[in-house]
Amino acid sequence: MTPEQAVAASILICLGGALLTLLVSKNRTVAGWLALGVTAVTAALVFFAIARVLSAGPGHPVPFLPWLGLPMRIFVDGLTAVFLGLAAVIALMAALYSIAYMRHYTEYSVARYYPYLLVFLAAMYGLVSTTDMMWFFFIFWQMMTLPGYALIRFEHKKKENIRAANKYLVMMQIACAATMVGAEIIAGAGASPTSTALKYDFDTVCQNLPELLRAHPGLAALAFGLFLVGFGIKMGMWPFGQVWLPDAHPAAPSPVSAMLSGVMIKTGVYGLLRYFLWLVPLEARADFPLADWGLVIAALGTITLFTGTLQALKQEQSKRLLAFHSIGQIGYILLGIGICLSLLAAQAP
């Protein structure tokens, strides 16, 4: 089994587990242990994939569900391995904690919890391993957004939870639209007729990007600006994080809050790293304004870390405090990414 096959199997097992937990949801304890078992199996597959990649290096993209003939490919390299491991570890702990935690929600059925939690996990596995920047990215993004919306409004009898979930849904759809428009700009401007099926694939875009940077630098700048906005919303970057994250945290059940801060917003970090570092080939670094983007991202990171941390100091509710601290910690990550881009620019030939 290759790492890509292991990840593909994990996605399918999560989806199958979501259906099974729905069928046994009348017994919340059985549903909880079943969800934990499914999560543990997928985590074992993910750890296998990580070990293979870190020991032998990345392989090659492979089709996902090849018998369907879809132009979707899965690829696991070192960057993907880090985020897959993060998702597996946090999900395993969240699923374990959920067994006892959900016993207190006697007013609400776990049919609205465990199936969504497993689909949410499948989406995170898929989002960081797909090589497609458009339609399959969109599918996994929605598989993460819509179950996340349902989980945040799990206690739907509270009006503030409904408002928090609505904010989350609107912001995530804006983020999705921004990244997809950016993908259309960057792929559509340089796609060749022979690469139509994989027009939005990382490899195709990477090959065409040098020409786009030379011929249409303004379009390329617009595309990467949209990527920054889209993934910035997802990761809670200033000023977007203050709109949805502090409300979503208190509304969601605690295991979901852990998934939101521990994994979901980190998929935005993955997006920035993948698009700003891995997508731009070495031969195009001279035409790509690394230093300028590094300055912008570092400045946004500095503002994010200060505003998030300062707002956290004013909180008396623990989940809101953690939400603002999550924003602050994202600021440190952004600052690091910005500095990384600036240092790479200094070393460019």
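Scroll up a little and you will see the structure.
Residues numbered from 1 in each chain as written. Predicted model: local features only at pLDDT ≥ 70, side-chain atom pairs only at ≥ 80, totals over all residues. Heavy atoms only, no water.

**Considering the overall build of the protein chain**
1) Next: Assigned secondary structure in the protein chain consists of 13 helices and two strands.
2) Next: For the C-alpha atoms alone, the extent of the protein chain along its principal axes is close to 60 × 50 × 35 Å.
3) Next: Residues counted as buried form 54% of the 349 residues belonging to the protein chain.
4) Next: Contacts spanning at least 24 positions in sequence make up 78% of the contacts within the protein chain whose residues lie at least 6 apart.
5) Next: Carbon together with sulfur atoms contributes 69% to the accessible area of the protein chain, which is approximately 14,300 Å² in total.
6) Next: In the protein chain, 21 positive and 15 negative side-chain charges are present, and the distance between their average locations comes to 14 Å. (Helix = DSSP H or I, 4+ residues; strand = E, 2+ residues; numbered from the N terminus. Buried < 20%, exposed > 50% of the residue type's maximum accessible area, 1.4 Å probe, protein only. Contact = heavy atoms within 4.5 Å. Areas by Shrake-Rupley, 256 points an atom, 1.4 Å probe, with all protein chains shown as cover. Lys, Arg positive; Asp, Glu negative; His and termini not counted. Charge placed at Lys NZ, Arg CZ, Asp CG, Glu CD.)

**Considering the pattern of salt bridges**
1) Next: Evaluation of the coordinates by the stated rule reveals eight salt bridges.
2) Next: The closest approach of N and O atoms between Asp 201 and Arg 73, which form a salt bridge, is 2.6 Å. With Asp 201 in the loop between α6 (159–188) and α7 (202–215) and Arg 73 in strand β2 (residues 73–74), this pair connects stretches of sequence that are 128 residues apart.
3) Next: With relative accessibility at 2%, the residue Asp 201 sits in the buried group.
4) Next: The residue Asp 203 makes a salt bridge to Arg 73 at a minimum N-O spacing of 3.1 Å. In this pair, Asp 203 is assigned in helix α7 and Arg 73 in strand β2, connecting sequence segments 130 residues apart.
5) Next: For Asp 203, a relative accessible area of 40% corresponds to the partly exposed category.
6) Next: Using a relative accessible area of 18% as the deciding quantity, one classes Arg 73 as buried.
7) Next: Sharing partners across several salt bridges, the network here consists of Arg 73, Asp 201 and Asp 203. (Salt bridge = Lys/Arg side-chain N within 4 Å of Asp/Glu carboxyl O.)

**Thoughts on α7**
Think of an α-helix as turning once every 3.6 residues; residues three or four places apart then point the same way.
1) Next: Look at α7: 20 Å from first C-alpha to last across 14 residues, which is about the 20 Å you get at 1.5 Å a residue.
2) Next: The largest bend along α7 measures about 40° and falls at Leu 209, with the proline Pro 210 one to four residues further on.
3) Next: Listed in full, the buried residues belonging to α7 are Phe 202, Thr 204, Val 205, Asn 208, Leu 209, Pro 210, Leu 212 and Leu 213.
4) Next: Summarising the contacts, the buried residues of α7 are in contact with α6, α8 (217–235) and α11 (266–278).
5) Next: Capping of α7 at its N-terminal end is provided by Asp 201; its side-chain oxygen lies 3.1 Å from the backbone amide nitrogen of Asp 203. (Expected span 1.5 Å × (residues − 1). Bend = angle between axes of the 7 residues up to and from the residue. Polar contact = N/O pair within 3.5 Å; in protein donor to acceptor, adjacent residues only side chain to side chain.)

What is shown is where atoms sit, not what they do.
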